[in-house]
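# A structural walkthrough
Here is what each chain is made of, one letter per residue.
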Amino acid sequence: MAAEPARVTVEVEGRRMRLSSLDKVMYPKAGTTKAQVLDYYARIAPVLLPHLAGRPVTRVRFPHGTGDLQFFEKNIPAGTPEWLRRAGRDPVFPLVDDLAGVTFLVNLNSLELHVPQWRYEGEGRDAVARHPDRLVIDLDPGPGTGLTECSRVALLVRDRLGSLGLDTLPVTSGSKGMQLYAVLPGSLSSDQVRDTVQQLAQELTKRHPDHVVWKMAKELRPNKVFLDWSQNVAAKTTICPYSLRGRDAPTVAAPRTWDEVEQGAARGDLLQLRAAEVLERVERHGDLAADLVT
């Protein structure tokens, strides 16, 4: 690696690229620079990449860092190198399965990486979207609630899905709430999964009306946790495990243990995790979400 302090030419897995504005502060309130963001993604890549593999990646880009303009981007941007795999026709998504691909996208100020619950088979214009291989329920805390209430509702969802023979894995979102994932056999369409999860959300709302709501209407959500079933729609995406979030601090969508969630429900001490904490956890425990990779 050599050149100016804020711009360097690097070789990543045999791909040469120029990284720019490395001293740009991407998280003004935390002082986190673009160089530190790139370092996080390089270090987390071994556990991140399996969760991206084969899935079209939608990025949230922050040209001037968090707290300023941001935009979602689905299509590959102009100037994308030919070596970056892609799939689809309109839009044409990037497929990211190596560190070079992650580095290229993050260098464009892509802090957040979002993916659907399905993968492509093949690549290019002829790639075919497969049936979803997992379901997701996004627990979104309404006004007056937080991770404590999400933890309590997560236990209800875990037990209900467990009665259906599905093991559930919790991920604190890095934002306000958490996601719950369960692996599927891949025989159901996205619409079938959506309908099933919607019915589950309705059932839990009926059983626990003071704590759970399944409708999206904002006026129904104070002091309750919204079970967002809609992210199972084929066109929807969810933050990828181990992705950074574009918040005040460099928090991460972090896989958690059920012990942590149970303690959070009882003691109210479950918190969103920052990048440095997630790197330390992976160093100690590996990928707590490894069962999601099929």
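Above: the structure in question.
Let me begin by describing the structure that accompanies this report. Model, not experiment: these values are computed from the prediction. (Residues numbered from 1 in each chain as written. Predicted model: local features only at pLDDT ≥ 70, side-chain atom pairs only at ≥ 80, totals over all residues. Heavy atoms only, no water.)

### Regarding the pattern of salt bridges
Following the criterion strictly, the structure yields 21 salt bridges and no others. Taking the shortest distance from any N to any O, the salt bridge between glutamate 112 and arginine 245 comes out at 3.3 Å. Here glutamate 112, found in strand β10 (residues 110–115), pairs with arginine 245, found in the loop between β18 (238–239) and β19 (251–252); they are 133 residues apart in sequence, far enough to count as distant. We classify glutamate 112 as buried; its relative accessible area is 5%. Among the ionic contacts, a cluster of salt bridges with common partners joins Arg55, Arg119 and Asp133. (Salt bridge = Lys/Arg side-chain N within 4 Å of Asp/Glu carboxyl O. Helix = DSSP H or I, 4+ residues; strand = E, 2+ residues; numbered from the N terminus. Buried < 20%, exposed > 50% of the residue type's maximum accessible area, 1.4 Å probe, protein only.)

### Quick look at helix α6 (residues 275–285)
If you check which residues of α6 are buried, you get Ala275, Val278, Leu279, Arg281 and Val282. The buried side chains of α6 occupy one side of the element, clustering within an arc of 160° when seen end-on. Opposite its buried face, α6 presents the exposed residues Glu283 and Arg284, each directed more than 90 degrees away. Along its buried surface, α6 packs onto α1 (34–52), β19, β20 (254–255), α5 (258–267) and β21 (273–274). Positive backbone phi, at 75°, marks glycine 286, one or two positions downstream of α6. (Arc of directions from axis to C-beta. Contact = heavy atoms within 4.5 Å.)

### Notes on the pairing of β10
Of all six residues in β10, six are buried, a share of seventy percent or more. Summarising the sheet, β10 and β18 pair through two bridges and their orientation is antiparallel. Opposite histidine 114, over in β18, you have isoleucine 239 as the bridge partner. (Pairing = 2+ DSSP bridges.)

### Some thoughts on the sheet that holds strand β6 (residues 58–61)
Taking strand neighbours across the sheet as the criterion, the four strands line up as β7-β6-β10-β18 in an open arrangement whose pairing is antiparallel. Looking at the sheet topology across the chains shown, the edges are occupied by β7 (71–73) and β18.

### Observations concerning helix α2 (residues 99–107)
Taking burial as the measure, the nine residues of α2 include nine buried ones, the bulk of the element. Listed as buried for α2 are Leu99, Ala100, Gly101, Val102, Thr103, Phe104, Leu105, Val106 and Asn107. Each element contacted by the buried residues of α2 is listed here: β2 (7–12), β3 (15–19), α1, β6, β9 (93–94) and β10. Two residues or fewer past α2, asparagine 109 is found with a positive phi of approximately 70°.

### Thoughts on the nonpolar core
Nonpolar side chains in soluble globular proteins tend to be buried together. Formed by 42 residues in total, the largest nonpolar core has its most connected members in Tyr40, Tyr41, Ile44, Leu48, Leu52 and Val278. Tallying contributions element by element places α1 first for this core, with ten residues. Built from parts of two domains, this core gets at least three residues from each of domain 1 (7–129) and domain 2 (131–292). Among the nonpolar cores identified, the runner-up in size contains 28 residues, and Cys150, Leu184, Ala201 and Leu204 belong to it. (Core = buried A, V, L, I, M, F, W, Y, C linked by side-chain atoms within 4.5 Å. Domains from an automatic or database assignment.)

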